[in-house]
Amino acid sequence: MDGFWSVLGNAFGLVLAGDADLLEIIGLSLRVTLSAVCIACLIGFPIGAFAGAFKFPGRLGLSVLLNALMGLPPVVVGLIVYLMLSARGPLGPFALLYTPTAMIIAQTIIVAPIVAALTKQVVEDLHREYAEQFASLGVGPIDRVSALLWDARFSLLTVALAGFGRAVAEVGAVIIVGGNIDHVTRVMTTAIALETSKGNLELALALGIVLLAIAVVVNALVMTFRASAARWAYA
Amino acid sequence: MIKAGVLLVLVLLAAGFPVSADDRFILVQSTTSTQNSGLFDHLLPRFEAKTGIEVRVVAVGTGQAIRNAARGDGDVLLVHAKPAEEAFVADGHGLYRADVMYNDFVIVGPPSDPAKILGMSDAVGALERIAEAKAIFAARGDDSGTNKAELRLWRSTGLDPREVSGTWYRETGSGMGATLNIGVTMGAYVMTDRATWISFGNKQDHLILVEDDPELFNQYGIIPVNPAKHPNVKVELAQEFVDWLLSDEGQRAIGDFKVDGQQLFFPNAKQ
Amino acid sequence: MRDMSGYAQTSDALMSTEELCFDADSARLIDRLSLTIAEGRRLVILGANGAGKSLTLRLLHGLISPSKGEVRWRGRPLDAAARRDQALVFQRPVLLRRSVRGNLRFALNTRRLGRAERREREEEALSQAQLVHLADRPARLLSGGEQQRLALARALACRPRLLLLDEPTASLDPAATLAVEQMILNANDTGVSVVMVTHDAGQARRVGHEIAFMHAGGVVEQGTPDAVLENPQSGPAAAWRAGRLFIEPNAAPNE
């Protein structure tokens, strides 16, 4: 296992040395993924909450669709987004292909169904508890959804984390729509893919470990916040 | 209020990417072999320093690069599959095609060499022996330039290994690097361009067994994408890049590029 | 059976039902229920488990719709506006995951009040519930008694004309129970009518002007607490007072 530990050492050596290229890649990864997760939450929270709180025709269909979309291979999402953003595609004039924005769009499409489906679960459980009280007070649909989302806020943090995990680890879509262009759209996962294809397995592994460390840190931060805030507050 | 603040931060985050504040960049659709060998890392800073034009390289297989460029998603095409490149120009997607440089393909394999091809300089003969021995051969199978060249050689043997794909002939459907990783692990023969092989970091015991056959010649061509067909392309900037690469200065820069003391690409633009 | 017409036909009926039925899965859970709630009075509904007490409250509040018959509010069919004049408090208070004050604010925000009015009612509710010192505490970390006082104060802050209470003290200790009862009586003093479901005969006596005893989805006996509790006329009420299960006289014998 000497090899493994030296790889690990090299990886953190790179980070600690503040290797400019590596920091740029890490920075772009975080910006792309966090942006995508935030937008996915803005979309997925309300959709999930409506699906969880109300009965309407097509509700079952929506659930099935969301769950199916959760399993959508990122490569397929990448292809679809590529065809949309391509110069020949409907959104071609915006010249978004091979930009970070394209990667955010692709990751948003990947993450939003996950956020929506998990939000539906969380909100459904909470709504079972609140439904009669809401009906008794005569709370309108919009207020209902926002109250449920607010009261589920700590669970939704975990939902967002699940989305973050999926997005930050994703390579298939971002490599198609981002193009893995050095200093422009190269993120952790596409850099790992590139180094692997160059046969630089140690460097690829080192990058993988850095990625893992980032995911651990982000999760730890959010979970710590959640634990302390929720303990103080709202069992 | 808190919610509004959070929302604002999120929107700023999302909008935080300037939409090409600087439009002086071009997109080059190229192949993994040029990228993975480090050639672009060697060439582009020189060109950018001289012209101030940023070059963004999307490195995929030749087949995919051509298809991307045919959709207008690129200003310049730099690949290695001459017939396909000529078809690209003939279809009106490219302005013209020019030779840039060449290198060659080699066949690598394990030291045990089960098909006994070591030292051969007859690629077609070597492939025949591999087929005879049913020795494992890892192929790209991804419509890349290397894949096209390999299939052309197989055609000369009169065999179509794709009919037995999955037995000893294994198509990875992946890039050169991924295919080499797989081939090295399986102890398989692999046909690869020399540049990728020399700069490849995971050779283990594999070595070059067959080389120096004129059939293994690997020509790279460059094509500016036709603005008449794809109005979004930056034809002036693209032309500057193409001209520079074909100029004495660009050609010298290609020839100067070495990995481990070995020259990987040989400039051959027609002056 | 006692003559109930004296109770049912008061001229100032706030709410009434006649021959109300509710079916679920083809079982008749509420069976020809006739009930009148007089303005300003406190009615206690007693009955064994499964008699339909909680269902009755939900029907009166319009949370579920009757299969047959109709709930009338001030002589008109019950509608959303009428429900805003009622408040329902559950056995287990449903409190939002926010502060005590946040819970009050949430309820008051459904009432389209001016800012000053809302603040005033918030403070009033806090002091009614004796929760001023806990205003910024998370509601769900309060004790059971404090939680129920909050739920009750929240209901009253909406200024209902009728307070519906579903065993509000069933899981509280005696002191907490008395505090809740006191809030109910205070509210009634200001003119709020009360319908309370309970299992506790002592509480029925303390709170009720009158008692309706339910069995098998209908009211089998109604009268003053003394009359119903001391001298029950109906079989089910008598059995309940004696601490027995009531077996229908015409029920098929066990095989």
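What comes next is a walk through the structure. The structure displayed is predicted, hence computed values, not measured ones.

What counts as what
Residues numbered from 1 in each chain as written. Chains lettered and ligands numbered in written order. Predicted model: local features only at pLDDT ≥ 70, side-chain atom pairs only at ≥ 80, totals over all residues. Heavy atoms only, no water. Helix = DSSP H or I, 4+ residues; strand = E, 2+ residues; numbered from the N terminus. Rg over C-alpha atoms; globule rule 2.2 N^0.38 Å. Buried < 20%, exposed > 50% of the residue type's maximum accessible area, 1.4 Å probe, protein only. Areas by Shrake-Rupley, 256 points an atom, 1.4 Å probe, with all protein chains shown as cover. Lys, Arg positive; Asp, Glu negative; His and termini not counted. Charge placed at Lys NZ, Arg CZ, Asp CG, Glu CD. Phe/Tyr/Trp six-rings, centres within 6.5 Å; stacked < 30°, edge-to-face > 60°. Lys NZ or Arg CZ within 6 Å of the ring centre and 35° of its normal. Contact = heavy atoms within 4.5 Å. Buried area = accessible area lost by both parts, 1.4 Å probe. Salt bridge = Lys/Arg side-chain N within 4 Å of Asp/Glu carboxyl O. Polar contact = N/O pair within 3.5 Å; in protein donor to acceptor, adjacent residues only side chain to side chain. Nonpolar A, V, L, I, M, F, W, Y, C, P; charged D, E, K, R; others polar. 1 Å grid on protein atoms, 1.4 Å probe; cavity = no way out; pocket = protein on both sides within 12 Å on 5 of 7 lines; lining within 4 Å. Points joined across faces, edges and corners; volume = space filled by probe spheres on them. Arc of directions from axis to C-beta. Core = buried A, V, L, I, M, F, W, Y, C linked by side-chain atoms within 4.5 Å. Axes fitted to C-alpha atoms, helices over the stretch in contact; angles between N-to-C directions. Parallel < 35°, antiparallel > 145°, perpendicular 65-115°, else oblique. Left-handed = near helix turned anticlockwise from the far one by under 90°.

## Structural notes on the overall build of chain C
Here comes step 1: Helix and strand counts for chain C stand at 10 helices and 10 strands.
Here comes step 2: The C-alpha atoms of chain C give a radius of gyration of 19 Å, which matches the 18 Å a tight globule of 255 residues would have.
Here comes step 3: On the principal axes, the C-alpha backbone points of chain C span a range of 60 × 40 × 35 Å.
Here comes step 4: Looking at chain C residue by residue over its 255 residues, the buried ones come to 51%.
Here comes step 5: Counting only carbon and sulfur atoms, one obtains 47% of the accessible surface of chain C, whose full area is about 11,700 Å².
Here comes step 6: If you average the places of the 34 positive and of the 30 negative side-chain charges in chain C, the two averages end up 8 Å apart.

## Details of the packing of aromatic side chains
Residue and element names in this part refer to chain B.
Here comes step 1: Considering all chains together, one arrives at 15 aromatic pairs over all chains under this definition.
Here comes step 2: Between Tyr-220 and Phe-265, the ring centres sit 5.5 Å apart and the planes meet at 75°, which makes this aromatic pair edge-to-face. Remark: Phe-265 occurs in the loop between β11 (262-263) and β12 (266-267) and Tyr-220 occurs in strand β9 (residues 217-224); sequence separation between them is 45 residues. Neither Tyr-220 nor Phe-265 differs from the other in exposure class; each is buried.
Here comes step 3: Grouping aromatic residues by their ring pairs yields a cluster made of Phe-137, Trp-154, Trp-168 and Tyr-169.
Here comes step 4: Positioned above the aromatic ring of Trp-197, the side-chain terminus of Lys-203 is 5.7 Å from the ring centre.

## Some details on helix α2 (residues 53-61) of chain C
Residue and element names in this part refer to chain C.
Here comes step 1: Extensive coverage of α2 is indicated by the burial of seven of its nine residues.
Here comes step 2: For α2, the complete set of buried residues consists of Lys-53, Thr-56, Leu-57, Arg-58, Leu-59, Leu-60 and His-61.
Here comes step 3: Remark: Gly-62 follows α2 within two positions and exhibits a positive phi of approximately 80°.

## Details of the interface of chain A and chain C
Here comes step 1: Across the boundary between the two partners, chain A contributes 20 residues, which contact 23 residues of chain C.
Here comes step 2: Interface area for chain A against chain C, summed over the two sides, is near 2,000 Å², with a carbon-plus-sulfur share of 53%.
Here comes step 3: On inspection of chain A and its partner chain C, the count reaches four salt bridges.
Here comes step 4: In this structure, Arg97(C) and Glu129(A) form a salt bridge, with 3.2 Å as the shortest nitrogen-oxygen distance.
Here comes step 5: In this assembly, chain A and chain C are joined by 12 residue pairs in polar contact (both at pLDDT 80 or more).
Here comes step 6: Of all the elements in the fold, those that place two or more residues in the side of chain A that touches chain C are α5 (100-137), α6 (141-151) and α10 (201-232) of chain A.
Here comes step 7: Residue contributions to the side of chain A that touches chain C peak at nine residues, all from α5(A).
Here comes step 8: For the side of chain A that touches chain C, the residue count by class is 12 nonpolar, three polar and five charged.

## A look at empty space enclosed by the protein
Here comes step 1: Going through the model one piece at a time under the given rule, you end up with three cavities of 30 Å³ or more.
Here comes step 2: Of all the secondary structure elements, the ones that give two or more residues to the lining of the largest cavity are α5 of chain A together with β6 (86-89) and α6 (144-157) of chain C.
Here comes step 3: When residues of the lining of the largest cavity are assigned to their parent elements, the largest contribution, four residues, is made by β6(C).
Here comes step 4: By residue class, the composition of the lining of the largest cavity is seven nonpolar, three polar and two charged.

## What to know about helix α5 (residues 82-90) of chain B
Residues and elements named next belong to chain B.
Here comes step 1: By the burial criterion, the buried members of α5 are Ala-84, Glu-85 and Phe-88. The buried residues of α5 all sit within an arc of 100° when viewed along its axis, so they share a single face. Pointing more than 90 degrees away from the buried face of α5 are the exposed residues Pro-83 and Ala-90.
Here comes step 2: Packed against the buried residues of α5 are α4 (62-70), β3 (76-79), α7 (145-157) and β9.
Here comes step 3: One or two residues past the end of α5 sits Gly-92, with phi positive at roughly 90°.

## Quick look at the nonpolar core
Here comes step 1: By size, the foremost hydrophobic cluster in this structure holds 79 residues, and its most contacted members are Phe134(A), Met188(A), Leu162(C) and Val195(C).
Here comes step 2: Ranked by residue count, the leading element in this core is α5(A), at 10 residues.
Here comes step 3: By size, the runner-up hydrophobic cluster in this structure holds 44 residues, among which are Leu95(C), Val192(C), Val220(C) and Trp240(C).

## Brief notes about the packing of helix α3 (residues 59-70) of chain A against α5(A)
Residues and elements named next belong to chain A.
Here comes step 1: It is the contact of α3 with α5, at a shortest axis distance of 8 Å, that shows an interaxial angle of 130°. Between α3 and α5, the interaxial angle falls into the category oblique. Regarding α3 and α5, the two cross each other, and that crossing is left-handed. Of the residues in α5, those in contact with Arg-59, Ser-63, Leu-66, Asn-67, Leu-69 and Met-70 of α3 are Pro-113, Ile-114, Ala-116, Ala-117, Lys-120 and Glu-124.
Here comes step 2: Considering only residue class, the contact of α3 with α5 consists of seven nonpolar, two polar and three charged.

## Some details on the packing of helix α3 (residues 39-51) of chain B against helix α10 (residues 235-246) of chain B
Helix-helix packing: each pair is described by the crossing angle between the helix axes and the interaxial distance.
Residues and elements named next belong to chain B.
Here comes step 1: Two elements in contact, α3 and α10, have axes separated by 11 Å at closest approach and are oriented at 120°. For the element pair α3 / α10, the angle class is oblique. Of the two elements, α3 crosses α10, and the hand of that crossing is right-handed. In contact with Leu-43, Leu-44, Arg-46, Phe-47, Lys-50 and Thr-51 of α3, α10 contributes Glu-240, Phe-241, Trp-244 and Leu-245.
Here comes step 2: Taken together, the residues of the contact of α3 with α10 sort by class into six nonpolar, one polar and three charged.

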